[in-house]
Amino acid sequence: DQQVKQNSPSLSVQEGRISILNCDYTNSMFDYFLWYKKYPAEGPTFLISISSIKDKNEDGRFTVFLNKSAKHLSLHIVPSQPGDSAVYFCAAYNDYKLSFGAGTTVTVRA
Amino acid sequence: GAGVSQSPSNKVTEKGKDVELRCDPISGHTALYWYRQSLGQGLEFLIYFQGNSAPDKSGLPSDRFSAERTGGSVSTLTIQRTQQEDSAVYLCASSPSGKGYTFGSGTRLTVV
């Protein structure tokens with residue numbers, strides 16, 4: 001069963017605007033959440049993470065928000081840049097294993 | 001090495017043949033994972049190694065799939081009697097047993 005869900009397969013945003021990516025999860029045992037970015041023909045690379053004891057983590061243009069009661073997290077990218085065009089995976093940790101969402105393809109338009 | 005290395009980067013094989021995919025993790029990383037990504041799908045967990053043992057093999061799709069790890073380092077994922085549904089990108093990741101995975105670039109397997 002899919003414990004981590006990204007319901008939007010794609011997102012198109014204009015350069016300079018905000019990109020908001022959403023992720024929902026079902027397993028309340030998840031204690032750590034991450035976002036990965038993936039370019040074609042490359043492996044996913046770590047972007048930003050958040051512990052379940054926090055509700056926000058910021059790193060430059062990237063901010064992750066966690067709403068534990070809703071089992072929902074989001075990634076905000078401000079401002080969006082052409083190099084942000086990639087597939088973004090939401091992932092959640094339980095013990096030793098990461099469970100991934102299906103990914104959201106972000107396209108930043110000039 | 002500096003990163004996780006996977007070989008080959010691409011593999012085309014005929015249906016029914018066996019294939020071996022190799023992963024060289026980051027030196028010193030005790031945890032090693034195999035995932036696969038089928039077309040249009042997310043990353044599907046296959047197997048987890050801690051050292052040379054595999055405490056979680058729950059994601060292996062069938063008994064045609066097996067994996068081993070030797071010397072706490074290199075891992076090989078073997079698929080016997082390949083089928084077309086095995087076509088995917090196979091990703092290896094390693095971790096120093098914390099919460100950070102580092103992925104390799106993957107092996108794109110195409111079964112024809």
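Rules behind the numbers
Residues numbered from 1 in each chain as written. Chains lettered and ligands numbered in written order. Predicted model: local features only at pLDDT ≥ 70, side-chain atom pairs only at ≥ 80, totals over all residues. Heavy atoms only, no water. Pairing = 2+ DSSP bridges. Helix = DSSP H or I, 4+ residues; strand = E, 2+ residues; numbered from the N terminus. Core = buried A, V, L, I, M, F, W, Y, C linked by side-chain atoms within 4.5 Å. Buried < 20%, exposed > 50% of the residue type's maximum accessible area, 1.4 Å probe, protein only. Contact = heavy atoms within 4.5 Å. Disulfide = S-S within 2.5 Å. Buried area = accessible area lost by both parts, 1.4 Å probe. Salt bridge = Lys/Arg side-chain N within 4 Å of Asp/Glu carboxyl O. Phe/Tyr/Trp six-rings, centres within 6.5 Å; stacked < 30°, edge-to-face > 60°. Lys NZ or Arg CZ within 6 Å of the ring centre and 35° of its normal.

*Asks:* I tried to follow the pairing of strand β5 (residues 45-51) of chain A on my own but got confused; where do I start?
*Replies:* Residue and element names in this part refer to chain A. Across six bridges, the pairing between strand β4 (residues 32-38) and β5 is antiparallel. Bridge assignment links F33 to a residue of β5, and that residue is I50. Once β4 ends, the chain turns through six residues before running back antiparallel as β5, passing A41 with a positive phi of about 65°.

*Asks:* What should I look at first to understand the nonpolar core in this one?
*Replies:* One broad rule of soluble globular proteins: the nonpolar side chains tend to lie buried together. In terms of nonpolar packing, the biggest core is built from 23 residues, with F33, W35, L73, L75 and Y88 of chain A touching the most fellow members. Here the element with the most residues in this core is strand β9 (residues 86-94) of chain A; it accounts for four residues.

*Asks:* How do you make sense of the side chain of S52 of chain A when you look at a structure like this?
*Replies:* Secondary-structure assignment places S52 of chain A in the loop between β5 and β6 (56-59). Here S52 of chain A is in contact with F30, D31, F33, L66 and K68 of chain A, once residues within four sequence places are set aside.

*Asks:* Hey, could you run me through the state of the cysteines in this one?
*Replies:* Structurally, a disulfide amounts to a covalent bond that connects the sulfur atoms of two cysteines. Going through the model one piece at a time under the given rule, you end up with two disulfides over all chains. Disulfide pairing is shown between C23 of chain A and C90 of chain A; the S-S distance is 2.0 Å. With the S-S dihedral at roughly -75°, the linkage between C23 of chain A and C90 of chain A falls on the left-handed side. Within this pair, whereas C23 of chain A is found in strand β3 (residues 19-25), its partner C90 of chain A is found in strand β9, the two being separated by 67 residues in sequence. Comparing C23 of chain A with C90 of chain A shows no difference in burial state: the two are buried. The residue that forms a disulfide with C23 of chain B is C92 of chain B, at a sulfur-sulfur distance of 1.9 Å. Between C23 of chain B and C92 of chain B, the disulfide has an S-S torsion of -65° and is therefore left-handed. With C23 of chain B in strand β3 (residues 19-24) and C92 of chain B in strand β9 (residues 88-95), this residue pair connects regions lying 69 residues apart in the sequence. The residues C23 of chain B and C92 of chain B share a single accessibility class, namely buried.

*Asks:* How do you make sense of the interface of chain A and chain B when you look at a structure like this?
*Replies:* You'll often see interface size given as the accessible area lost when the parts meet. Counting from both sides, the interface comprises 18 residues of chain A and, opposite them, 18 residues of chain B. Taken together, both faces of the contact between chain A and chain B bury some 1400 Å²; the carbon and sulfur share is 57%. Interface area lost by chain A to chain B is led by Y93, Y96 and F100 of chain A, which between them contribute 34%. For the pair chain A and chain B, the number of links is one salt bridge. Note that D56 of chain B is salt-bridged to K97 of chain A, the shortest N-O span being 3.3 Å. The dominant element in the side of chain A that touches chain B, judged by the number of residues it contributes, is β4 of chain A, at four residues.

*Asks:* It is not clear to me how the pairing of strand β10 (residues 97-100) of chain A should be interpreted in this structure. Could you clarify?
*Replies:* In regular strands, side chains alternate between the two faces of the sheet. All names here are of chain A. Two strands pair when backbone bridges link them, and β9 and β10 are joined in this way by four bridges, in the antiparallel orientation. Across the sheet, residue Y93 finds its bridge partner in β10, namely L98. Counted between consecutive antiparallel strands, the loop separating β9 from β10 contains two residues, among which D95 sits at a positive phi close to 65°.

*Asks:* For this particular structure, what's the right way to read the packing of aromatic side chains?
*Replies:* Aromatic rings considered in pairs are described by the distance between their centres and by the relative angle of their planes. Summed over the entire model, instances satisfying the criterion amount to 17 aromatic pairs over all chains. On the basis of an interplanar angle of 40° and a centroid distance of 4.7 Å, the ring pair of Y25 of chain A and F33 of chain A is categorised as tilted. In this pair, the class of Y25 of chain A matches that of F33 of chain A, namely buried. On the numbers, 5.1 Å between centres and 25° between planes, the contact of Y33 of chain B with Y48 of chain B is stacked. Placement of the pair is Y33 of chain B in strand β4 (residues 31-37) and Y48 of chain B in strand β5 (residues 43-50), with a sequence separation of 15 residues. Accessibility assignment for this pair places Y33 of chain B and Y48 of chain B in one class, buried. Through a chain of ring-to-ring contacts, three or more aromatic side chains come together here, namely Y36, F46, F89, Y93, Y96 and F100 of chain A together with Y33, Y35, F45, Y48, Y101 and F103 of chain B. The ring of F45 of chain B is capped by K97 of chain A, whose NZ or CZ atom sits 4.3 Å from the centre of that ring.

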